Structures are given as structure tokens and as C-alpha cells.
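As a plain string of letters, each chain reads:
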Amino acid sequence: MDALIQLSYFVAAALFILGLKRMSSPVTARGGIVWAGAGMVVATLITFLWPDMHNYGLMTLAIAIGGGLAWYTGKKVAMTDMPQMIAIYNGMGGGAAAAIAAVELLKGDFANGTFQTLAVAGALIGSVAFSGSAIAFAKLQGIMKKSLIYGNQQLINLLVFGGAIIFGLILIGSDVPGGFAIFMFFALALAFGVMMTLPIGGADMPVVISLYNALTGLAVAFEGFVLGNAAMIIAGTVVGSAGTLLTQLMAKAMNRPLSNVLFSGFGAAGGEAIESVEGTMKEVGAMDAASMMAYANKVIIIPGYGMAVAQAQHKIWEFVQLLEDKGVEVKFAIHPVAGRMPGHMNVLLAEAGVPYDKIYDLDEINNEFAQADVALVIGANDVVNPVARTDPNSPIYGMPILNADYAHNVICVKRGKGAGFSGIENQLFFLDNTRMLYGDGQEVAGKLITEVKQL
Ligand code: NAP
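Calculation notes
Residues numbered from 1 in each chain as written. Predicted model: local features only at pLDDT ≥ 70, side-chain atom pairs only at ≥ 80, totals over all residues. Heavy atoms only, no water. Axes fitted to C-alpha atoms, helices over the stretch in contact; angles between N-to-C directions. Helix = DSSP H or I, 4+ residues; strand = E, 2+ residues; numbered from the N terminus. Parallel < 35°, antiparallel > 145°, perpendicular 65-115°, else oblique. Left-handed = near helix turned anticlockwise from the far one by under 90°. Contact = heavy atoms within 4.5 Å. Nonpolar A, V, L, I, M, F, W, Y, C, P; charged D, E, K, R; others polar. Phe/Tyr/Trp six-rings, centres within 6.5 Å; stacked < 30°, edge-to-face > 60°. Buried < 20%, exposed > 50% of the residue type's maximum accessible area, 1.4 Å probe, protein only. Lys NZ or Arg CZ within 6 Å of the ring centre and 35° of its normal. Core = buried A, V, L, I, M, F, W, Y, C linked by side-chain atoms within 4.5 Å. Near = heavy atom within 4 Å. Polar contact = N/O pair within 3.5 Å; in protein donor to acceptor, adjacent residues only side chain to side chain. Areas by Shrake-Rupley, 256 points an atom, 1.4 Å probe, with all protein chains shown as cover.

Peer 1: Provide a residue-level description of the packing of helix 7 (residues 179–197) against helix 8 (residues 205–227), including the pertinent values.
Peer 2: Two numbers describe how helix 7 lies on helix 8: the axes approach to 12 Å, and their chain directions differ by 155°. On the basis of the axis angle, helix 7 is roughly antiparallel to helix 8. Where helix 7 crosses over helix 8, the handedness of that crossing is right-handed. Only Met 205, Val 208 and Tyr 212 of helix 8 make contact with helix 7, whose side of the interface consists of Gly 193, Met 196 and Thr 197. Of the residues belonging to the contact of helix 7 with helix 8, the class tally is 4 nonpolar, 2 polar and no charged.

Peer 1: An account of the packing of aromatic side chains is needed here, citing residue identities and associated values.
Peer 2: The tally for this structure, following the rule as stated, stands at 4 aromatic pairs. Ring geometry for Phe 48 and Tyr 56: centres 5.8 Å apart, planes at 25°, overall stacked. We classify Tyr 56 as partly exposed; its relative accessible area is 40%. Consider the rings of Phe 185 and Phe 186, whose centres lie 5.1 Å apart with planes at 70°: the pair is edge-to-face. By relative accessible area, Phe 185 is classed as buried at 1%. Residue classification places Phe 186 among the buried residues on the basis of a relative accessible area of 13%. For the cation-ring pair, Lys 331 lies above Tyr 360, with the distance from its terminal atom to the ring centre recorded as 4.7 Å.

Peer 1: Which residues make up the nonpolar core, and what values do they have?
Peer 2: Ranked by size, the top nonpolar core spans 69 residues in total, and within it Ile 302 and Val 377 carry the most contacts. Top element by residues in this core is helix 7. It accounts for 9 residues. Not counting residues within four places of it along the chain, the set of residues in contact with Ile 302 comprises Ala 333, Phe 369, Leu 376, Val 377, Ile 378, Ala 380, Val 384, Leu 402 and Ala 404. In this structure, Ala 312, Val 320, Met 341 and Leu 349 belong to the second largest nonpolar core, which totals 43 residues.

Peer 1: Explain the site of the ligand to me, and be specific about the residues and the numbers.
Peer 2: Lining the immediate environment of the ligand, one finds 32 residues, of which Gly 339, Asn 381, Asp 382, Arg 415 and Asp 440 sit closest. In the environment of the ligand, an oxygen atom lies 3.0 Å from a nitrogen or oxygen atom belonging to the backbone of Tyr 305. At a separation of 2.7 Å, an oxygen atom of the ligand approaches a polar backbone atom of Asn 381. Burial of the ligand by the protein amounts to 95% of the accessible area it has alone, namely 920 Å². Elements with a minimum of two residues in the shell around the ligand: helix 8 and helix 12 (305–310). Among the elements that take part in the shell around the ligand, helix 12 stands out by supplying 4 residues, more than any other. Looking at the shell around the ligand residue by residue, the classes come out as 16 nonpolar, 10 polar and 6 charged.

Quick look at the structure:
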């Protein structure tokens, strides 16, 4: 039986890794999700064969409730709400790792001190990831609207973290630890997760979620060692390293060190633009905008968060096909942090049927803007703000941006004067070669289709 269990874990781990590999390309990504999901089914079902596992009723009930809820919410969730859904599922992983550690600590029969230390370390990391992810969820869902910032916050957080470490050391040092020490350890670790996340602005939540994702992976891997469960060790390590890379990618794309994301309270203000820029915004109607693009040689489209909110991707793709029928070369330019999570725009465009060879990353396309007749910015803001290049005092200074302003003409679609997620004004909207096309993204795309058909 043991050989069968280990073999199943080997198969599950191979499926996780192959699934992740397939997720690296949009062409194979859907298949990758299915492979990794199959790995998870194998790993879950084989648990029933473990010796000393008798609570089949409870296990089945737990799988039915968890699986049912995940199926329902997965089907129902809007694309724009995906980051908070990832936050909550991630947090569950950390919580599950911490719960395993709690049971093992209460039993207290560790083979040696190393396993005990791993159990405590996994419990600490898992608890922080669990409660921190819950706060990240609440912020993104709009349940918690303000960031809590007060005096000596970092010092108080450090004291709470130090307290959790001290109780953790007590747990490691005792053979059968008392309930009080276990309670205090978990209470302080959970409180630290909450307190660390409260001051971080909503704009940085995706980075924080990715960081907690990495921590959850690490916690699961540690508890995998404690339980002697190879699938948990491998899956946890894979999640931990993938999460770490994703966190680094986002921080790099925003040109901000992780310490700045975690401790600066950046974006806590949100809402209206907080800077003013010289010049005026010039409006354009759908008819003029449509003819500018229909008679262009080359158009580059830059989608952003607003396109996701408006669910405008299908209409935009229809519009692009009409332009192509008129002989216009059209490309999509995607910034690595456009939208609210990496790959957000790619997924939406793929869903609308845009072929992958029309979608370009920042590095691939940034040199082409100077030859473009029109850059059409739809619901994007921060990722095309030229102050990132020019103003060292700007909070987004140094962030690589798409060079929309280098195009001969720029058309920006947005509803009004709303700021981007960083809360600052966008110099692009005030340039001589920029025209504002006001309205909801989907509505405007619909008008552009009507107009271009009449040309
Ligand atoms: P953005 O800066 O958040 O701007 C979105 C714009 O869309 C707003 O200016 C808004 O203006 C407009 N908008 C909203 N609803 C709309 C609708 N229904 N129709 C048309 N326009 C609409 O978006 P972004 O350029 O994609 O930049 C992403 C931001 O998120 C960056 O600051 C980035 O650092 C941050 N971020 C992203 C990630 C990631 O992984 N993707 C991670 C961390 C942080 P109006 O209100 O006037 O319409």
C-alpha cells in the first residue's frame, strides 16, 4: 500500500510540474490548469488509502463542501474579481498548513527536533499568509475601504512578530507544549498577518497576494516534511518558487523594491488625481476617432484595467477585424502590470478570440510606437503615464511604461477624469497629440464599430 501511495504522489507531483510548464504559454495554459487539477485529484483521493485514516465520512463531507464551493464560486466569479478570489483560496492553503501544524503540535510526537522546528515555522508562515490574505480579500472586495495607518506602526508590528517568535521557540523547546503557548503563538501569528497587511494600499494588493502565495507554498512544503508527504513537499516548493518569481516580476515592472510595497503605504489614498498637470484635455468624437484609425497604416491598442471593468474586449476585437479589413495593421501592447494581476489583459483578449501573434509585450513593441499612426489607449492609465520617465518626484517614477506618447496620434478611452490606481494625474491626456474619447469602454467600442462600418 505504501508503494502505491508514494507512486501516486510521484504522479501527482509530475502532473503539477508539467501543468505549470504548460501554463507558461497562453496556447497551452488551459490544458496546464487541467493537468495540475488532475494532479490535485490524485493527491486528494490517495489520502483515503493512508493507514490510520478512518474518518471517511468527514473527509468526504469536507471534499464535497470545499469542492462544491470552489466549483460554484469559480463559475460565478467575474474576471475583474479574480485577484480577490486568488487571495482567499491562497489564504486557505496557508490556513490548512497552519491547522496541520496545530494538530501535530497538540499531539507532540515528533520524530526529532527538526520536524518540530519545521512544524512551528510552517505554522507561523501559514498563519500570516492566512490572515493577511483575508485582509487582502476584504480590501479588494471593497469590504475594507481605508488603509489603517498609525504612529509607530512598524514597531508595534515588530513587537507582535517578536512575540510570535518567542512562543514559537517555547513550542520548539518543549516535548508536549501546553495549550496556552500554542494559543498565544497562533493568536500572535494571525494578528501579525492582519497588522502587516492593514497599512498596505489597495494598489499594491496583487503584489501582496503573490507574496502570501509564495509563503503559503513554503508553509505547505514544511508541513509536508512533518507529515512525510512527498506531494505536499513538491507542490509547496513549486508554489513557493512560482509565487516568489511572480512577486519579483511585479515589483520589477513597477520599479519598486518589495520593502517599498510592504512598508510605504503607497496608494493608500486612492480615488481622485492628486497632482495637477499643465495643459488641457482635448475631446474627440467616435466618428473622427474611427476615421483616424480606419485611414491609418498602423494602430497599436493598449488595454488596461478599464477595459476589464467595461468587458470591452469582444467589441474591441470586432473593431480590430473591421480595421484589418480596411488594410490597417493592428497590434495589441500589453504592460506586465496592466489590469490587476499579471496576464490579466492576455486572458481577456484570448477569451475574446484575439490571436496570440497580435499580442506583444512591452519590450517587444515599445520601439514601434514612433511608427504608429494611432495609439488607442482603452481603460489604461498608469501604464502609459510619461511622468514615470520624466518626474523623479512622482510615485511611479522609474516604472517602465508603454511609449504611447511617441505615436503620431493618441486616443484615450475612459469615462471621465478618474485617476489610475496610483492616484496621480496622467500627463499623456494633456499632450498636443492626444485626444480624449469619453465613455464606458464597451459603449465606445460599439460606437467605433458603427462608425467604421459607415466609412
Ligand atoms: P489604471 O491605472 O488602474 O487605470 C484604469 C483606468 O480605466 C482609469 O483611469 C479609469 O478612468 C478607466 N476606467 C475605469 N472603468 C472604465 C470603463 N468602464 N470604461 C472605460 N474606462 C474605464 O489601469 P492600468 O493602466 O491597467 O494600470 C494598472 C495599475 O495597477 C498600475 O498602477 C499597476 O501598478 C497596478 N498594479 C497592477 C498589478 C498587476 O499585476 N497587473 C499589480 C499591482 C499593481 P475613468 O474612471 O475616468 O473611467
